[in-house]
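Okay, here's what each chain looks like letter by letter:
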Amino acid sequence: MNFDFDWVDAFTDQVFGGNGCAVVHGGAVLSDALCMAYVRETSLVECTFTGPSEVADFKVKYYLACREIPFAGHPTIATVAALRHRGLIGEGLLRLETGAGIVQVELRGAQIAMTQIAPQFGPEVPVDLVARVGGLKADEIVGQPQVVSTGLPFCITVLRSRAALEALTLDTEALANYNRHLGQDSDMMEPFWVTLDGATSAGDTYARLLLAPPSPAEDPFTGSATGAMAAYLWARGLIDSPAFVAEQGHLMGRPGRAEVEVLGPREAITGVRVAGQGRVVMSGQVFMPETA
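Keep in mind that this is a model prediction, so the values were computed, not measured. (Residues numbered from 1 in each chain as written. Predicted model: local features only at pLDDT ≥ 70, side-chain atom pairs only at ≥ 80, totals over all residues. Heavy atoms only, no water.)

Asker: Looking at this structure, I do not really get the environment of D204. What am I missing?
Answerer: Relative to the assigned elements, D204 resides in the loop between β12 (192–195) and β13 (205–210). Classification of D204 as partly exposed rests on a relative accessible area of 39%. Once the C-alpha coordinates of D204 and V245 are considered, the two residues, 41 residues apart in sequence, prove to be 5.3 Å apart. (Helix = DSSP H or I, 4+ residues; strand = E, 2+ residues; numbered from the N terminus. Buried < 20%, exposed > 50% of the residue type's maximum accessible area, 1.4 Å probe, protein only.)

Asker: Please explain unusual backbone geometry as it appears in this structure.
Answerer: For residues besides glycine, phi is generally negative; the peptide bonds are generally trans as well. A cis amide bond, omega 10°, links P213 with the succeeding residue P214. Even without being glycine, F11 reaches a positive phi, approximately 60°. Within the secondary structure, F11 is located in the loop between β1 (2–10) and β2 (19–24). By relative accessible area, F11 is classed as buried at 1%. One non-glycine residue with positive phi stands out, namely S43, at about 65°. Positionally, S43 belongs in the loop between α1 (32–42) and β3 (47–51). Its relative accessible area of 55% is what places S43 among the exposed residues.

Asker: What is the right way to read the nonpolar core from this model?
Answerer: The nonpolar side chains of soluble globular proteins are, as a tendency, buried together. Counting 56 residues, the largest nonpolar core has L94 and V105 as the members making the most contacts within it. Sorting elements by how many residues they give to this core places helix α6 (residues 223–235) first, with eight residues. Once residues within four sequence positions are removed from consideration, V105 is found in contact with T76, V80, G92, L93, L94, L96, I112, A113 and M114. (Core = buried A, V, L, I, M, F, W, Y, C linked by side-chain atoms within 4.5 Å. Contact = heavy atoms within 4.5 Å.)

Asker: What is the right way to read the packing of aromatic side chains from this model?
Answerer: In this description, a pair of aromatic rings is defined by centroid distance and the angle of the planes. Applying the stated criterion to the full structure yields five aromatic pairs. Here the aromatic rings of Y38 and F49 are separated by 5.8 Å at their centres, their planes lie at 75°, and the arrangement is edge-to-face. Of this pair, Y38 sits in helix α1 while F49 is found in strand β3, placing the two residues eleven residues apart along the sequence. One exposure class covers both Y38 and F49, and it is buried. Geometry around W234 places R266 over its ring, the cationic atom sitting 3.8 Å from the centre. (Phe/Tyr/Trp six-rings, centres within 6.5 Å; stacked < 30°, edge-to-face > 60°. Lys NZ or Arg CZ within 6 Å of the ring centre and 35° of its normal.)

Asker: I keep staring at the environment of G198 and nothing clicks. Help me out?
Answerer: Assignment of secondary structure puts G198 in the loop between β12 and β13. It is 25 Å that separates the C-alpha atoms of G198 and I117, two residues lying 81 residues apart in sequence. Ignoring any residue separated from it by four or fewer positions in sequence, one finds G198 in contact with R162, G203, D204, T205, Y206 and E247.

Structure representation (structure tokens):
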């Protein structure tokens, strides 16, 4: 079974920046085991597998190395960039069928903007429990960490300083305790850490996501968490404007940037618009076995 693929760097205007994702065209027919094996082969955090849809323009399936997830941000940008690279879409509006529902995407020039679904605000998580996951003292955290999802749940955790953000180290034992506390939700991701200063003068926020094996140790740019983070900051009054620039990946040498806008008033958010660019790095064919 042969499939075309495109490897795309998302949330960047140059190759070897932002976050990479391999898009396997027509691969939505593959088994979970094959899709996860492919992600492990690439050593990327996530890959996508596309197919036809009866309710949207395309179906997109998202995989980590260890499981399928309902939605992911940078792979959505990458998938749309790959579809455009193949001449399968043009400018304008596009609808994608995902495990989290229909995601609307708009293409205007180099920019790809996705509108993530209205946030679901989940449980607040004890400060000391989250702090231990990142190897921090509890007083480095500002306010109350909370699980928020715009398609994929993250515990949004605001840090007091960039120094604290850069000092993060993942404690896997503390992460196991954190997962047990939250009921080991199959879709729950690691905490998303953010400061209210950019990595550069152009940014308004700067974030990191440390990952547990078998994923790579850190995600260069996390579009789904960026949407959840934006909803959290706007709802809690931690940002003055619903539109801002989010940065991530600079400490890894893979700087990423997104233009973010929370839609709706603080008390009734209807969605989050997350926009960025994607650059195709390589294209080719995947030669899949017929069975995993």
